Amino acid sequence: MEERRARLEALTRELQEKFGERVAPMEDSRDMPGFQVASGILLAVCRFLAEEASIRFEQLTDVTAVDEFPAEPRFRLVYHLLSLSSNKRLRLQVLLGGEDPVVDSVTGVWAGADWLEREAWDMFGIRFEGHPGLKRILMPLDYTHFPLRKDFPVRGIDPGRHYRDWDRGRKA
Amino acid sequence: MAGTAQTRKVEFTWMPGGHEELMTLNVGPQHPATHGVLRIIVTLEGEQIVDAEPVVGYLHRGKEKMGEALTYHQFIVHCDRLDYLSSNLNTIAYCETVEKLAGIEVPPRCKYLRVILNELSRIASHLVYVGTGALDIGAATVFFHSWREREKIYDIFDLITGHRMNYGFARIGGLQADFSDEALAAIRAFTEEFEERVDGYEYLLTKNRIWWERNKGIGVIDPATAVNLGLSGPNLRGSGVARDLRIHEPYAAYEDFDFEIPVGTNGDCFDRYMVRIQEMRQSNRILAQALEKLPKGEIFAEDRRFVLPPKERLLTSHDHRGVYPEKAVMEELIAQFKVITDARIPPGRVYHAVEASKGELGFFIVSDGSNRAKRLRIRSPSFVNLQALAGMARGHLLSDLIAVIASLDFVLGEVDR
């Protein structure tokens with residue numbers, strides 16, 4: 001436990017030396033260490049964590065978002081990182097406004113971010129700048145809503161519409 | 001191959017080595033070898049794969065959205081429908097996540113029973129892989145052999161839970177019921193003969209020349225790429241990365257057991273096959289140990305704010321003579337109703353990952369202190385693993401794509417959620 005804390009403190013110091021106030025430890029992240037990152041430097045922080053930091057995070061486990069509607073900033077984008085070499089996890093959180101949520105893609109750092117970011121786009125409408133092919137993944141390609149947003153009704157917006165219709169729309 | 005073929009571009013040439021002609025072939029979504037409803041847009045040059053783009057989402061049911069609309073207890077049955085080949089693993093993982101969030105500690109017997117359910121589910125899932133994977137390539141016999149043992153596991157689940165699929169057996173803070181002696185005896189009988197059965201599959205496949213030709217050197221992925229792509233589970237271990245959450249982040253009672261992590265060396269389809277075969281043996285070891293050391297006692301945690309009351313205490317209805325159950329009281333029924341509809345989990349967020357049969361299955365739950373999750377994220381292993389398909393298939397023949405799909409061992413219910 002002591003050693004864990006020491007290593008975490010070392011990582012916090014490293015991050016704050018390099019990025020200053022724009023990376024802040026999250027107080028309410030109790031299951032694993034977490035940092036809140038300013039949206040502009042996300043890519044730099046990820047690259048640093050994957051390639052230079054004292055604990056290397058080789059794998060991106062998950063990218064997802066939490067919709068805080070109607071509060072602003074509306075989206076909490078959550079990244080879960082995993083270090084296989086030192087068996088540690090890390091959470092990064094980025095706050096994004098509801099108007100035009102956009103953030104840099106981390107596909108250049110972890111190739112596995114590809115589908116995870118596509119899913120976040122599909123479900124929340126968060127754009128990932130620099131993603132090689134940001135298109136819908138689970139919903140139909142011509143779908144216009146973002147289903148996991150809090151203002152999207154649970155029963156769906158056009159429940160009567162079937163596969164055939166959207167398939168026709170897709171071919172046209 | 002099902003679907004339509006169309007010629008995309010092209011200047012035709014008779015020159016040897018002329019590579020201008022590419023063909024787009026649609027595989028799936030109803031093709032049996034895609035193991036569900038996966039569609040793959042394959043770009044071919046002759047019979048060689050230039051690119052393979054998986055198209056998913058045909059089974060999207062909006063599980064995460066439902067997770068926000070249902071109470072914590074109501075969502076348990078939905079977890080069964082994620083990876084429907086190893087349902088118990090999913091529900092148990094979900095319940096463990098909520099327990100972690102609520103700070104519930106389950107009794108040791110419950111932990112052991114969960115381990116038994118987990119490992120039986122893992123074996124059942126790997127048996128599907130061995131059977132259908134071999135069937136896709138043309139080895140039909142293995143399918144019947146592996147299905148025989150899978151059937152036995154399903155009979156055991158039937159004894160324990162009353163269902164053959166979609167058990168809905170885990171509960172927050174416990175399990176729906178304790179195992180009967182009959183069920184425990186059936187599991188014991190299964191573990192005793194299973195090792196020999198695995199020898200049987202290996203006898204049919206491991207040194208089979210055709211199996212080698214079809215799997216060795218196919219779909220190779222090196223460890224660094226595998227890690228970078230986010231692979232987990234047997235697919236990652238096939239590339240030689242020894243990572244198993246049962247050992248690295250022990251949950252349930254896994255730290256009590258003695259077992260090994262099988263790893264491959266080449267990261268090809270054959271190594272992934274070997275890893276799964278070895279894993280079945282290891283799971284069997286865990287089962288035997290769990291049965292031997294199984295502690296006595298309660299299966300439900302104490303915390304009655306979130307945990308259901310014992311079934312026999314519920315005053316539900318009288319029997320045909322008009323006699324009510326002896327210990328049943330009305331208050332417990334009210335408590336049950338309150339817990340199901342209004343168990344308010346303390347605010348917070350938690351990510352809990354388990355080693356499912358396909359890899360790292362993670363639940364990320366954000367609670368705002370109400371009776372339903374504010375956000376329920378399912379990090380499914382199959383979804384992330386499927387990204388590796390294109391890279392694995394590139395440069396191989398179209399028939400090898402089928403071997404690669406089988407060796408990735410994904411379940412579309414979990415990919416699309």
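Residues numbered from 1 in each chain as written. Chains lettered and ligands numbered in written order. Predicted model: local features only at pLDDT ≥ 70, side-chain atom pairs only at ≥ 80, totals over all residues.

S.K.: Would you mind going over the packing of helix α4 (residues 108–137) of chain B against helix α5 (residues 140–161) of chain B with me for this structure?
M.R.: Geometrically, a packed helix pair is captured by the angle between its two axes and the distance between the axes. Residue and element names in this part refer to chain B. Between α4 and α5, the shortest axis-to-axis distance is 8 Å and the interhelical angle comes to 160 degrees. Overall, the two elements α4 and α5 adopt an arrangement that is roughly antiparallel. Once α4 is placed against α5, the crossing between them reads as left-handed. From α4, L120, I123, A124, L127, V128, V130, G131, T132, A134 and L135 reach across to α5, where they touch A140, V142, F143, S146, W147, E149, R150, I153 and I156. Class assignment of the residues belonging to the contact of α4 with α5 gives a composition of 14 nonpolar, three polar and two charged. (Axes fitted to C-alpha atoms, helices over the stretch in contact; angles between N-to-C directions. Helix = DSSP H or I, 4+ residues; strand = E, 2+ residues; numbered from the N terminus. Parallel < 35°, antiparallel > 145°, perpendicular 65-115°, else oblique. Left-handed = near helix turned anticlockwise from the far one by under 90°. Contact = placed C-beta atoms within 7 Å. Nonpolar A, V, L, I, M, F, W, Y, C, P; charged D, E, K, R; others polar.)

S.K.: Got a minute to help me understand the packing of α4(B) against helix α11 (residues 269–293) of chain B in this structure?
M.R.: Residues and elements named next belong to chain B. Their axes nearest at 9 Å, the elements α4 and α11 cross at an angle of 155 degrees. Relative to α11, the element α4 lies roughly antiparallel. When the axes of α4 and α11 are compared, the crossing they make is left-handed. In this structure, α4 uses Y112, V115, I116, E119, R122, I123, H126, Y129 and V130 to contact α11, whose residues at the interface are R276, E279, M280, S283, I286, L287 and A290. Grouping the constituent residues of the contact of α4 with α11 by class yields 10 nonpolar, two polar and four charged.

S.K.: I tried to follow helix α3 (residues 113–124) of chain A on my own but got confused; where do I start?
M.R.: An α-helical turn contains 3.6 residues, so any two residues separated by three or four positions project in the same direction. Residue and element names in this part refer to chain A. In a regular helix each residue adds 1.5 Å, so 12 residues correspond to 16 Å; α3 covers 16 Å between its end C-alpha atoms and thus fits that length. With 12 of 12 residues buried, α3 lies mostly within the body of the structure. Buried residues of α3: A113, D114, W115, L116, E117, R118, E119, A120, W121, D122, M123 and F124, and no others. Positioned one or two residues after α3, G125 has a phi angle of 75 degrees, which is positive. (Expected span 1.5 Å × (residues − 1). Buried ≥ 20, exposed ≤ 12 C-beta atoms within 10 Å, placed from the backbone.)

S.K.: Looking at this model, I keep getting lost on the domain arrangement of chain B. Mind explaining?
M.R.: Reports often express the size of an interface as the amount of accessible area lost when the parts come together. Residues and elements named next belong to chain B. Along its sequence, chain B is organised into domain 1 (63–305 + 345–380) and domain 2 (307–342). On a C-alpha basis, the centres of domain 1 and domain 2 stand 32 Å from each other. Contacts between the two partners involve 12 residues from domain 1, matched on the other side by eight residues from domain 2. Residue composition of the side of domain 1 that touches domain 2, by class: four nonpolar, five polar and three charged. (Domains from an automatic or database assignment.)

S.K.: I keep staring at the confidence of the model for chain B and nothing clicks. Help me out?
M.R.: Residue and element names in this part refer to chain B. Averaged over all residues, the pLDDT of chain B is 86; the fraction at 70 or higher stands at 95%. Note on residues 1–5: pLDDT is under 50 here. Beyond four places in sequence and across chains, it has 10 contacts. Long-range and interchain partners of residues 12–16, a stretch whose pLDDT sits below 50, account for three contacts in this model, where long-range means more than four residues apart. Predicted complex metrics record ipTM = 0.86 and pTM = 0.87. (pLDDT = per-residue confidence, 0-100.)

S.K.: Even after reading the chapter, I still don't get the sheet that holds strand β4 (residues 75–83) of chain A, so can you show me in this structure?
M.R.: Each strand in a sheet pairs with its neighbour through backbone hydrogen bonds, running either in the same direction (parallel) or in the opposite one (antiparallel). All names here are of chain A. Read across the sheet, five strands follow the order β1-β2-β5-β4-β3 without closing on themselves; strand pairing throughout is mixed. The outermost strands of the open sheet, each flanked by one partner alone, are β1 (23–25) and β3 (59–67). Each neighbouring strand pair of the sheet contributes to a mean axis angle of 25 degrees, computed without reference to strand direction. Bridge count between β3 and β4: eight bridges; the pairing is antiparallel. Bridge pairing in β4 places A65 opposite L77. Helix-sheet contacts for α3 involve β3 and β4, and the interaxial angle to β3 is about 5 degrees. (Pairing = 2+ DSSP bridges.)

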